[in-house]
Amino acid sequence: MPQLPDAGYTPTADELASIDAWFAAYDAAAARRDIEKMADVAVFPLNLVSDNTAGEGASAQWDRKQFVETMTHVMSEGSEDITFDSVRTPVFLSSAMVVVFTDSTMTAGEVTQQLRYADILIKQNGKWAFQTMAQGGWGDNL
């Protein structure tokens, strides 16, 4: 794991494991294209941050309906299995907030794509949920 910046909070081994478990479950839902399950572990309105083809920053807030509709459209292409090979770097801001940077290789059938993104997760009622997604290249679709 790369050296993490000092954000003022040092997570426990259990907290780090809980982030790994959360992403394992989320990736499994994504691989099954189970958009409803993916939405179940989000806090809405969900913040999205990206950039557009004009090179400008873009942001939006989605409710659950828009998330489900958009992700269904994006992930419905193809019927092949999706796999993810990801390296994640969590930076805990507190015991209830974490920014997770991800470098991932997504494979769908014969097509492989490199992804880099960041998620902000917050803990509510003892469970992690994502609240903000940040990834380049999606701004024209927000």
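As a starting point, this report considers the structure included with it. Every chain's residues receive numbers from 1 upward, in the order its sequence appears when written. Side-chain atom pairs in this predicted model are given and counted only at pLDDT of 80 or more, local residue features only at pLDDT of at least 70, and totals for whole chains, interfaces and linings cover all residues. Neither water nor hydrogens contribute to the side-chain values; these are computed over all heavy atoms in the structure.

### With respect to the sheet that holds strand S4 (residues 97-108)
Strand pairs in the sheet, formed through backbone hydrogen bonds, run parallel or antiparallel to each other.
Then, in step 1: Ordered in space as S2-S1-S6-S5-S4-S3, the 6 strands form an open sheet in which the pairing is mixed. Only two strands of the sheet have a single partner each, and these edge strands are strand S2 (57-62) and strand S3 (82-94). Strand-to-strand twist in this sheet, taken as the mean axis angle between neighbours without regard to direction, amounts to 25°.
Then, in step 2: Each pair of strands is called paired provided DSSP finds at least two bridges between the two strands. Per the convention used, a helix needs a DSSP run of H or I reaching at least four residues, while a strand needs a run of E reaching at least two, with both numbered from the N terminus. Of the strand pairs in this sheet, strand S1 (residues 42-51) and S2 are connected by 6 bridges, and their pairing is antiparallel. Axis angles are defined between N-to-C directions and span 0 to 180 degrees, where every axis is a line fitted to C-alpha atoms and, for a helix, only to the segment in contact.

### Things to note about helix H1 (residues 13-31)
Then, in step 1: For H1, built from 19 residues, the straight-helix expectation of 27 Å at 1.5 Å per residue is met to within 8% by its first-to-last C-alpha distance of 27 Å.
Then, in step 2: If you check which residues of H1 are buried, you get Glu 15, Ile 19, Trp 22, Phe 23, Tyr 26, Asp 27, Ala 29 and Ala 30. All buried residues of H1 fall inside an arc of 160° around its axis, so they share one side. Set apart from the buried face of H1 by more than 90 degrees, the exposed residues are Ala 13, Asp 14, Asp 20 and Ala 25.
Then, in step 3: Backbone geometry just downstream of H1 places Arg 33 in the positive-phi region, at approximately 60°. Take the number of residues in a helix, subtract one, and multiply by 1.5 Å to get its expected span. Any residue under 20% of the maximum accessible area for its type is buried, any over 50% is exposed, and the rest in between are partly exposed; the area is computed with a 1.4 Å probe on protein chains only. Think of the arc as the fan of directions from the helix axis to the C-beta atoms.

### Considerations on the pairing of S1
Then, in step 1: Of the pairings in the sheet, the one linking S1 to strand S6 (residues 127-135) comprises 4 bridges and is parallel in character. Along S6, the bridge assignment pairs Ala 42 with Phe 130.
Then, in step 2: Here S1 hands over to S2 after 5 residues, with Gly 55 in that stretch at a positive phi of 80°.

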